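# Inside the fold
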Amino acid sequence: VGMSDASVIRFCRAVGYSGFANLKVQLQKELSLHSEKIGKHSLYDRFVMQEEKYSKDELDLSEMLTLMGGNLENSLRQNPAATFHTVADKLLSARKKIIIGLRGGKGCAVRFARLLQFLSSDVACISDGQDELCSLAELTGQDVVLVLNFSRFYRFDEKMAEMLAAQQVPYFVITDSRASPFVKSAQAVLLADTEHCGFFHSMIGVEGILEYLLILMCWAQPESFRAKLQQQDAILAKYREDKN
C-alpha cells in the first residue's frame, strides 16, 4: 500500500495487535477458517454439519434466496473481468474445446458443452469416463480444456492435471477452492461460491460464470454466430412440430 514499516506497525498496534507478525498470524487463522469448504468432508458429515447449521422446523425461503443470490453475485464479482475475456477468447480461437466436468461439475459441463456447440465446432464433454479420458492424450497446444472441479478433490484429479501440464495443453479451471489440483498449472482460475444449506454444492454461481462466458462469446462474433444458428434452425426445421 506504499506505507512505511513504522506506519504499518503503528496501525497494527492501534487496532489491538502486538505488531505486524501478530496481525499476520491472526489473519491466517481467520482466512483458514473462512476458506473451510464443506466439500472436503464425506457426504454423511456434510449432512450432519449442514443440519446443525441450517435445520429448522420450517425452511426460511428468504434465507435460501439470500444464500443463493450471494453465491451468484460473489462468483461473478470476485473474478477479474479480464479473466472472463481471456477464457472466452481462448474457447473461441482454439482448435478443439474439451469441457471436463468431474463429479458434481458433470451436469454444468454437459449443458455448457451443448450450448457451446451452437457457437463453435469441435466441442467435446468428458465426465469421468476412462475411455473419454484417453482422448486427452491427443490434445496439443492448439486446443483448450475447461475443467469444472469442486471439493472434495481426489488423486485422480491430480493425475489428470499432471497429464495436461505434461502435454502443455492450455487449460482453465472453475473451482470453489484454490486447493484444487488443477489450479497449479492452469492458465487462469475462475472461483465460484458453492455454499448450500444441503449436503451438496450449489451450482448457481457456477452456472452464472458459464452463462457469462457464453454471453461474451456470443457478442464477440455476432454475425458469424447468427449465420451458424440460422443454418442449424434450417436443418432442424423439418423435424419440428409446431403446435398452435
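Residues numbered from 1 in each chain as written. Predicted model: local features only at pLDDT ≥ 70, side-chain atom pairs only at ≥ 80, totals over all residues. Heavy atoms only, no water.

## Some words on the overall build of the protein
What counts is decided by this rule: Under the scheme used here, helices are H or I runs from DSSP no shorter than 4 residues and strands are E runs no shorter than 2 residues, and both carry numbers assigned from the N terminus. Buried, partly exposed and exposed residues are distinguished by accessible area as a fraction of the type maximum, computed with a 1.4 Å probe on protein chains only: under 20%, between the cut-offs, and over 50%, respectively. Throughout, a residue-residue contact means that at least one pair of heavy atoms, one from each residue, lies within 4.5 Å. Where accessible areas are quoted, they stem from the Shrake-Rupley method and a 1.4 Å probe; at the residue level, only the protein chains shown are allowed to cover.
In terms of helices and strands, the protein carries 10 helices and 5 strands. In the protein, which comprises 244 residues, the share counted as buried stands at 37%. If you take every contact in the protein between residues at least 6 apart in sequence, the share linking residues at least 24 apart comes to 71%. With an accessible surface of roughly 14800 Å², the protein has 55% of that area assigned to carbon and sulfur atoms.

## Observations regarding the environment of G19
Within the element layout of this structure, G19 appears in the loop between α1 (5-14) and α2 (20-34). Considering only alpha carbons, one finds G19 and V8, 11 residues apart in sequence, at a separation of 8.6 Å.

## Remarks on the packing of aromatic side chains
Operational definition: Here a pair means two rings of Phe, Tyr or Trp (six-membered ring of Trp) with centres within 6.5 Å. Their orientation is stacked below 30 degrees between planes, edge-to-face above 60, and tilted elsewhere.
Counted under the stated rule, the structure contains 2 aromatic pairs. Ring geometry for F84 against Y212: centres 4.9 Å apart, planes inclined by 75 degrees, an arrangement best described as edge-to-face. A residue pair is termed long-range when its members are at least 10 positions apart, and F84 in helix α5 (residues 81-93) and Y212 in helix α9 (residues 204-220) qualify at 128 residues. Among the residues examined, F84 registers a relative accessible area of 1% and is labelled buried. Measuring from ring centre to ring centre gives 6.0 Å for Y171 and F182, while their planes differ by 85 degrees; the resulting arrangement is edge-to-face. Taken together, the positions of Y171 in strand β4 (residues 171-175) and F182 in the loop between β4 and β5 (188-191) put the pair 11 residues apart, joining distant regions of the chain. Under the relative-accessibility criterion, Y171 is labelled buried at 1%.

## A few points about the confidence of the model for the protein
Selection rule: As a per-residue measure, pLDDT reflects the predictor's confidence and takes values from 0 up to 100.
Taken as a whole, the protein shows an average pLDDT of 83; of its residues, 83% reach a score of 70 or greater. Per-residue pLDDT, averaged within each element of the protein, yields its smallest value for helix α3 (residues 43-54) (62) and its largest for β4 (95).

## Regarding the packing of α5 against α9
How we decide: Axis lines are fitted to C-alpha atoms, over the contacting stretch for helices. Their N-to-C directions set the angle, which ranges from 0 to 180 degrees. Here the word oblique covers every angle except those under 35 degrees (roughly parallel), over 145 (roughly antiparallel) and from 65 to 115 (roughly perpendicular). Put simply, a crossing is left-handed when the front helix is turned counterclockwise from the back one by less than a right angle, and right-handed when it is turned clockwise.
With their axes 9 Å apart at the nearest point, α5 and α9 run at an angle of 60 degrees to one another. When the axis of α5 is compared with that of α9, the two are oblique. Taken as a pair, α5 and α9 cross one another with a handedness that is right-handed. Within the contact between the two elements, α5 uses F84, H85, V87, A88, L91 and L92 and α9 uses I209, Y212, L213, L216, M217 and A220.

## Notes on the sheet that holds strand β1 (residues 97-101)
Strands in a sheet are paired, the pairing made by backbone hydrogen bonds, and the direction either parallel or antiparallel. Keep this limit in mind: Only strands that DSSP links by at least two bridges are regarded as paired with each other.
In space, the 5 strands of this open sheet follow the order β2-β1-β3-β4-β5, with parallel pairing throughout. The open sheet is flanked by β2 (123-126) and β5, the only strands paired with a single partner. Within this sheet the neighbouring strands show an average axis-to-axis angle of 15 degrees, counted without direction. Here β1 pairs with β2 via 4 bridges, running parallel. Across the sheet, I98 pairs through a bridge with A124, a residue of β2.

## A word on the nonpolar core
Put simply, the rule is: Here, nonpolar core refers to any group of buried Ala, Val, Leu, Ile, Met, Phe, Trp, Tyr and Cys residues whose side-chain atoms link them within 4.5 Å.
Ranked by internal contacts, the top residues of the largest apolar core, which has 32 residues, are F112, L148, I174, L213 and M217. At the level of elements, α5, α6 (106-119), β3 (144-149), β4, β5 and α9 are the ones that each hand at least two residues to this core. Ranked by residue count, the leading element in this core is α9, at 7 residues. Once you skip the residues sitting within four places of it in the chain, F112 turns out to touch L91, I99, L146, L210, L213, L214 and M217. Formed by 20 residues, the second largest nonpolar core is a distinct cluster that contains I126, L133, L136 and L191.

## Focus: the side chain of N71
Spelled out, the test is: Nitrogen and oxygen atoms within 3.5 Å of one another constitute a polar contact, given that in protein one can donate a hydrogen and the other can accept it, and given that sequence-neighbouring residues count only through two side-chain atoms.
For N71, the position within the fold is in helix α4 (residues 61-77). Of the polar contacts made by the side chain of N71, one reaches the backbone oxygen of E195; its length is 2.7 Å. Leaving out residues up to four positions away in the same chain, N71 has contacts with D193, T194, E195, S202 and G205.

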